[in-house]
Amino acid sequence: LINRSSLPTLVIPDGSKFEPINNILYAADYRPMDNDYALQALKDIAEANSAEVRMVHVIEKPKEASEEKRVERHRQGHFFEPEVKYSYKVVKDKKGVVHGIKFYLDKKGDHGMVAMVKHKHGILHDAFIENRTERMAYHSSMPLLVMPDL
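Residues numbered from 1 in each chain as written. Predicted model: local features only at pLDDT ≥ 70, side-chain atom pairs only at ≥ 80, totals over all residues. Heavy atoms only, no water.

As for its placement among the helices and strands, Arg75 is situated in helix α2 (residues 67-79). Residue Arg75 is classed as partly exposed on the basis of its relative accessible area, which comes to 28%. Sequence spacing of Arg75 and Tyr30 is 45 residues, and the spatial spacing of their C-alpha atoms is 9.4 Å. Among residues more than four places away in sequence, those in contact with Arg75 are Met33 and Asp36. (Helix = DSSP H or I, 4+ residues; strand = E, 2+ residues; numbered from the N terminus. Buried < 20%, exposed > 50% of the residue type's maximum accessible area, 1.4 Å probe, protein only. Contact = heavy atoms within 4.5 Å.)

Shown next, in the form of C-alpha cells:
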C-alpha cells in the first residue's frame, strides 16, 4: 500500500494503543520536493494536535550540507509557519538512517508519530537500494505517516 498509494497513508502497528500526539518526528532528507502538498497532511495532523514537528535529518558521514539542502531545509520548515511549531535536529549515525531515527526516538521518548516523505524512484533503485520508508513501517512501534511526493 505504501509503495502504490498516491495519498498520504497512516500506518498503525498492530496492538498499538492511542497516545496523544505532542511531538512528531519528521524524518527529513531535505531532497527537493516536487510538491509542497506532500507535507500538508503532516501540517494538518500537527495543527489538530497542537504538536511540534521535529525535522530530524540523519547523516551517516560527517560532511557540510550543500546549499541546495540548506535552502530546502528552511523552505520545508517555513511551510509549517505560523500554525505549527517546528525545530531542526541533526543526528549523526554511522549505522544508517533508520538506526539514527530509532536512536533519536528512544533518546527523546516523547514522540507520538513518525512522518516520512516517499520520493519517486525508478525500478532499478527500488530493486537494489534499501527502501527506508518500508523498513520504518515494519520496525516502528508507533504510527508512521507516509507522504508521497508525486
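After that view of the structure, there is still more to cover.
Our next topic: the nonpolar core. Grouped together as the largest cluster of nonpolar side chains are 23 residues, with contacts concentrated most on Ile24, Tyr26, Leu42, Val53, Phe80 and Met147. Where this core is concerned, the elements lending two or more residues are β2 (23-27), α1 (40-49), β3 (52-59), β5 (113-118) and β6 (144-148). Among all residues touching Met147, those that are not within four sequence positions of it are Tyr26, Ala38, Leu39, Leu42, Ala115, Met116, Val117 and Lys118. The next biggest cluster of nonpolar side chains, apart from the first, holds 15 residues, and it includes Leu25, Ile101, Tyr104 and Leu105. (Core = buried A, V, L, I, M, F, W, Y, C linked by side-chain atoms within 4.5 Å.)

Below, the discussion takes up the side chain of Ser87. Within the secondary structure, Ser87 sits in strand β4 (residues 86-92). Polar contacts involving the side chain of Ser87 include one to the side chain of Glu52, which spans 2.8 Å. (Polar contact = N/O pair within 3.5 Å; in protein donor to acceptor, adjacent residues only side chain to side chain.)

The full count for this structure, using the stated rule, is three aromatic pairs. With 6.3 Å between their ring centres and 40° between their planes, Phe80 and Tyr86 make a pair best called tilted. In terms of burial, Phe80 and Tyr86 fall into one category: buried. When the centroid spacing of 5.7 Å and the interplanar angle of 75° are considered together, the rings of Tyr86 and Tyr88 count as edge-to-face. You can call Tyr88 partly exposed: its relative accessible area is 26%. One Lys or Arg, Lys43, reaches over the ring of Phe79 and ends 5.1 Å from the middle of that ring. (Phe/Tyr/Trp six-rings, centres within 6.5 Å; stacked < 30°, edge-to-face > 60°. Lys NZ or Arg CZ within 6 Å of the ring centre and 35° of its normal.)

Once that is clear, we can look at the sheet that holds β3. The strand order across the open sheet formed by six strands is β1-β6-β5-β2-β3-β4, and the pairing between neighbours is mixed. In this open sheet, the two edge strands, each paired with only one partner strand, are β1 (9-11) and β4. Adjacent strand axes in the sheet meet at a mean angle of 25° when their direction is disregarded. Strand direction decides the pairing type here: β2 and β5, joined by four bridges, are parallel. (Pairing = 2+ DSSP bridges. Axes fitted to C-alpha atoms, helices over the stretch in contact; angles between N-to-C directions.)

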